[in-house]
Amino acid sequence: MKDVSNSTRATRPSAYPKKKPSPYGVSKSSRRQSPLYPAHSVVRKTPRAARAEQRQRYAQISALRREGIYLEEEYHDEIRAYMHEMERQTMCSIASMDQQPEIRWHMRPCLVDFLVELHFLFRLRPETLYLTLNIIDRYVSKRVVYVKHYQLVGCAALWIAAKFEDAKERVPTVHDLAQMCQETYDESAFIQMEGHVLSTIQWTLGHPTAESWLRIFCCGPIVEDQKVQHVARFLMEITLFYREFCQYPSSAIALGALTLARFLCGKGRRIFEETEECLEIVEHLDNRLAKHANELSETLVKKYSYAFYSKAATFVLQFYLQGGRFQRQSPISLPMTPVRTHSPKVCTPMSVSTTVSDMSDDMPATPTSPVFSSDAFTSSYMSDDKENLPSPKFEPVINKQMIEQVPEQFLPHDFVRYQRQALHSLNVASPRPAVVS
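Throughout this document, residue positions are counted from 1 along each chain, in the order its sequence is written. This being a predicted model, a pLDDT of at least 70 is required before a residue's local features are given, and a value of 80 or more before pairs of side-chain atoms are given or counted; all residues contribute to the totals for chains, interfaces and linings. Computation of side-chain values: all heavy atoms of the structure, hydrogens and water removed.

### Side note on the overall build of the chain
Then comes step 1: Helix and strand definitions follow DSSP, with helices as H or I runs of at least four residues and strands as E runs of at least two, each counted in order from the N terminus. Counting secondary structure elements, the chain contains 14 helices and zero strands.
Then comes step 2: For the chain, the N- to C-terminal ordering of α and β elements is α-α-α-α-α-α-α-α-α-α-α-α-α-α.
Then comes step 3: Residues counted as buried form 40% of the 437 residues belonging to the chain.
Then comes step 4: Accessible area for the chain stands at about 27,400 Å²; split by element, carbon and sulfur atoms hold 53% of it. Throughout this description, buried means an accessible area under 20% of the type-specific maximum (1.4 Å probe, protein chains only), exposed means over 50%, and partly exposed covers the range between. The accessible surface values rely on the Shrake-Rupley method and a 1.4 Å probe; as for residues, cover is taken only from the protein chains in view.

Here it is as structure tokens:
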């Protein structure tokens, strides 16, 4: 019998496969291939791997959308045109709001301050807050609202906006709203007011908010820094408190806040994107912050004073408390094209002996190009072709007892203190100014 153990037959090295790989990418060998010698052909993907790759791609697109980066570039112009049309249809009437028998404009900051607390406490989307104020303004423009129902209208508008913009698990319940108001209103009152508000505004909820416009402006050809976006959001929420900003559309509010935010952060201005409405909003914000910085909402200042929002409130207030102001540059005068008079058909060239008096006015002198400042244009506009440049006491009731505590990463533990009196039991006098601590 042959001794197999003493066989001198050499074994094949394990680094080399026993069989030649198939040219179609399908390997019949069950043994794992060595990493030292990878396959020369692409392995065919299984259906499970293809589905996993597709899910990963959807996750990347969703992450870009959450960051405000839109991929529908081929529909960009149509989207903006539709948004401009919708914001014209969903504007409020300042003249009608001035005719309210009991509601006064000095009551608005107290209601907005209350809604900002609720909005941040329930961790709702930024669009929800702007849609809430738009619903309130349109309702107040068409219906007479009494002081005792003002907070009820605000809570109903926040409830409607949260249902329209947010996920289902984030929408507050009627029980939550009633307890946040310390049982001032019955739960049935919120349901009844919701139906009344929706019928008044004719169920039109597709309002392009300032947050939506800001995301479009920030994800254009130039992606803005995170700090610029946070400062712009802080400035946009300031506009929700006061009357002088209600007459402007959302697109102008977003562009004005972004323009001022870029100036405060030391970025270059985009002069050819600025409009008259945008500069008016910048002027209103600049005057408000320079003269009444200590009267801003304490809740709003605390909200944007944390590192999650790049300490935008601290940065802006420090700039204005030190005497800083927005510098509005005068429009740049571009060179005018000279008007050429009638020239003769035959032009004799000048000789050496021709004097200045012999020169006719038929050929005017070539104008000199002006020197443009470095701040006026970005690098994308600087080119040698200068002729083709673009042309220039009432406080709402709130109760925090029955609401689930927000985790530390969403809301600091000392964010707000709830010490408020009843909404309808106070006088109509102006509220106390909130001093920035």
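From this point, the narrative continues.
### Re unusual backbone geometry
Then comes step 1: Phi is positive for E183, close to 60 degrees, though the residue is something other than glycine.
Then comes step 2: Within the secondary structure, E183 is located in the loop between helix 7 (174-180) and helix 8 (187-200).
Then comes step 3: With relative accessibility at 48%, the residue E183 sits in the partly exposed group.
Then comes step 4: Despite not being glycine, K311 shows a phi value in the positive range, around 50 degrees.
Then comes step 5: Structurally, K311 is set in the loop between helix 13 (298-303) and helix 14 (312-321).

### Structural notes on the nonpolar core
Then comes step 1: With 95 residues, the main nonpolar core has I135, F190, F234, L235 and I238 as its most contacted residues.
Then comes step 2: Among the elements that line this core, the one with the most residues is helix 6 (residues 150-165), at 11 residues.
Then comes step 3: In this description, contact between two residues means that some pair of their heavy atoms is separated by no more than 4.5 Å. When near neighbours in sequence (up to four residues on either side) are disregarded, L235 contacts A257, L260, A261, L285, L289 and V316. Each nonpolar core is a collection of buried residues, namely Ala, Val, Leu, Ile, Met, Phe, Trp, Tyr and Cys, held together in the definition by side-chain atoms within 4.5 Å.

### Quick word on the packing of helix 10 (residues 226-238) against helix 11 (residues 250-264)
Then comes step 1: The contact between helix 10 and helix 11 brings their axes to 8 Å, and the two run at 130 degrees. Classified by the angle between their axes, helix 10 and helix 11 sit oblique to one another. Handedness of the crossing formed by helix 10 with helix 11: right-handed. Packed against helix 10, whose contacting residues are V228, V231, A232, L235 and M236, the element helix 11 presents I253, A254, A257, L258, L260, A261, R262 and L264 at the interface. To define axes, lines are fitted to C-alpha atoms, for helices over the stretch in contact only, and angles between the resulting N-to-C directions are given on a 0 to 180 degree scale. The scheme is simple: roughly parallel for angles under 35 degrees, roughly antiparallel for over 145, roughly perpendicular for 65 to 115, oblique for anything else. Take the far helix as the reference: if the near one is turned anticlockwise from it by less than a right angle, the crossing is left-handed, and if turned clockwise, right-handed.

### Here we look at the packing of aromatic side chains
Then comes step 1: To pair, rings of Phe, Tyr and Trp, with the six-membered ring standing in for Trp, must have centres within 6.5 Å; the planes then decide the type, stacked if under 30 degrees apart, edge-to-face if over 60, and tilted in the middle. For the coordinates displayed, the defined rule picks out 10 aromatic pairs.
Then comes step 2: Centre to centre, the rings of F263 and F319 are 6.5 Å apart; their planes meet at 85 degrees, and the pair counts as edge-to-face. Taken together, the residues F263 in helix 11 and F319 in helix 14 connect sequence positions 56 residues apart.
Then comes step 3: The class of F263 is partly exposed, set by a relative accessible area of 23%.
Then comes step 4: Geometrically, the ring pair formed by Y304 and Y309 is tilted, given 4.5 Å between the ring centres and 45 degrees between the ring planes.

### Here's the deal with helix 2 (residues 76-89)
An α-helical segment advances 3.6 residues per turn. Residues three or four places apart therefore align on the same side.
Then comes step 1: Here helix 2 contains 14 residues, and its C-alpha end-to-end distance of 20 Å stays within 8% of the 20 Å for a straight helix at 1.5 Å per residue.
Then comes step 2: Every buried residue of helix 2 is accounted for by M83, M86 and E87. The buried residues of helix 2 all sit within an arc of 95 degrees when viewed along its axis, so they share a single face. Set apart from the buried face of helix 2 by more than 90 degrees, the exposed residues are D77, Y82, R88 and Q89.
Then comes step 3: Looking at the buried residues of helix 2, the elements they touch are helix 9 (210-218) and helix 11. A helix is expected to span 1.5 Å for every residue after the first. It is the directions from the helix axis to the C-beta atoms whose arc is reported.

### Considering the pattern of salt bridges
Then comes step 1: Any Lys or Arg side-chain nitrogen located within 4 Å of an Asp or Glu carboxyl oxygen qualifies as a salt bridge. Applying the stated criterion across every chain yields a total of 15 salt bridges.
Then comes step 2: When the shortest N-O distance is used, the salt bridge between R288 and E244 registers 2.8 Å. Here the residue R288 occupies a position in helix 12 (residues 276-291), and E244 occupies one in the loop between helix 10 and helix 11, the gap between them amounting to 44 residues.
Then comes step 3: Assessed through its relative accessible area of 16%, R288 is described here as buried.

### Observations concerning the packing of helix 11 against helix 12
Then comes step 1: Where helix 11 contacts helix 12, the axes come no closer than 8 Å and their chain directions differ by 60 degrees. Taken together, helix 11 and helix 12 sit at an angle that is classed as oblique. In the packing of helix 11 onto helix 12, the handedness of the crossing is right-handed. Across from A252, I253, L255, G256, A257, T259 and L260 in helix 11, the residues of helix 12 making contact are E277, C278, I281, V282 and L285.
Then comes step 2: Three categories are distinguished: nonpolar for Ala, Val, Leu, Ile, Met, Phe, Trp, Tyr, Cys and Pro, charged for Asp, Glu, Lys and Arg, and polar for the others, with Gly belonging to the last. A class-by-class count of the residues in the contact of helix 11 with helix 12 yields nine nonpolar, two polar and one charged.

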